[in-house]
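Survey of secondary and tertiary structure
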Amino acid sequence: MILEAASRLLMAGGPAAVQVRAVAAEVGMTDAAINHHFGTREQLLESLLRFGGSKLKAELRTVLGAWADGPVDPAALVHTLYALYAGGYAALAIALHQSGWRDPGSGMLDEVVDRLHDQARLHCASTGATPPSRETIQLTMAALHQAVALEPLFGGEFRRSVGLDTAARDRTLDWWITLLRTTLTGQSGPR
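**Some points on helix α8 (residues 169–184)**
A rise of 1.5 Å per residue sets the reference length of α8, with its 16 residues, at 22 Å; its end C-alpha atoms lie 23 Å apart and thus fit the reference within 8%. Turning to α8, its buried residues are Leu173, Trp176, Ile177, Leu179, Leu180, Thr182, Thr183 and Leu184. Structurally, α8 contributes buried residues whose contacts are with α5 (74–98), α6 (110–127) and α7 (134–161). Two residues or fewer past α8, Gly186 is found with a positive phi of approximately 80°.

This is how it looks when you write it as structure tokens:
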């Protein structure tokens, strides 16, 4: 309940809006009760980031479940990743990183990489194409994850730096979807 309230505050106003007093007011508790559960505001923010990671993993499992009945559609994956970061978690991750926090975890997208690799091998076996290596899919997913995580914060500036208009965000996400599709089919990539 506390982390859901903190998540709503994050979405509405970024990391600065996630104050112990504001979270307490949101859930009808005292500041002391919030501090009892989380210790400090910094620990609350760290817990909130882990909460976002847990939400992302649950949403990715839903995406993977939808892939069970047919071919992989990277569009749902790209949009799921983007939605989480657009909800304030990109700014939170950067704010925590700047304060010295480092994520000790790893492998959040391993299951996705495995699924994509399996799908690529199946597709390429049926078409005679050379399947991409698991590392190629890992590199593609790492670049995609980095791009969608930074998109809410810096995407517009990066696009403007090459002369793209502000409406190019959706085309950028579409480009990533196309890149994933072409990687999975053993092709060279979007043009």
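**A word on the side chain of His145**
Relative to the helices and strands, His145 is located in helix α7. For His145, the side chain forms a polar contact with the side chain of Tyr85, separated by 2.6 Å. Once residues within four sequence positions are removed from consideration, His145 is found in contact with Leu81, Tyr85, Met108 and Leu109.

**Digging into the packing of α7 against α8**
Packing of α7 against α8 leaves a shortest axis separation of 11 Å and a crossing angle of 175°. Taken together, the axes of α7 and α8 lie roughly antiparallel to each other. Between α7 and α8, the contacting residues are Thr136, Ile137, Thr140, Met141, Ala143, Leu144, Ala147, Val148, Glu151 and Arg159 on the first element and Arg169, Thr172, Leu173, Trp176, Leu179, Leu180, Thr183 and Leu184 on the second. By residue class, the composition of the contact of α7 with α8 is 11 nonpolar, four polar and three charged.

Conventions we followed
- Residues numbered from 1 in each chain as written.
- Predicted model: local features only at pLDDT ≥ 70, side-chain atom pairs only at ≥ 80, totals over all residues.
- Heavy atoms only, no water.
- Helix = DSSP H or I, 4+ residues; strand = E, 2+ residues; numbered from the N terminus.
- Expected span 1.5 Å × (residues − 1).
- Buried < 20%, exposed > 50% of the residue type's maximum accessible area, 1.4 Å probe, protein only.
- Contact = heavy atoms within 4.5 Å.
- Polar contact = N/O pair within 3.5 Å; in protein donor to acceptor, adjacent residues only side chain to side chain.
- Axes fitted to C-alpha atoms, helices over the stretch in contact; angles between N-to-C directions.
- Parallel < 35°, antiparallel > 145°, perpendicular 65-115°, else oblique.
- Nonpolar A, V, L, I, M, F, W, Y, C, P; charged D, E, K, R; others polar.

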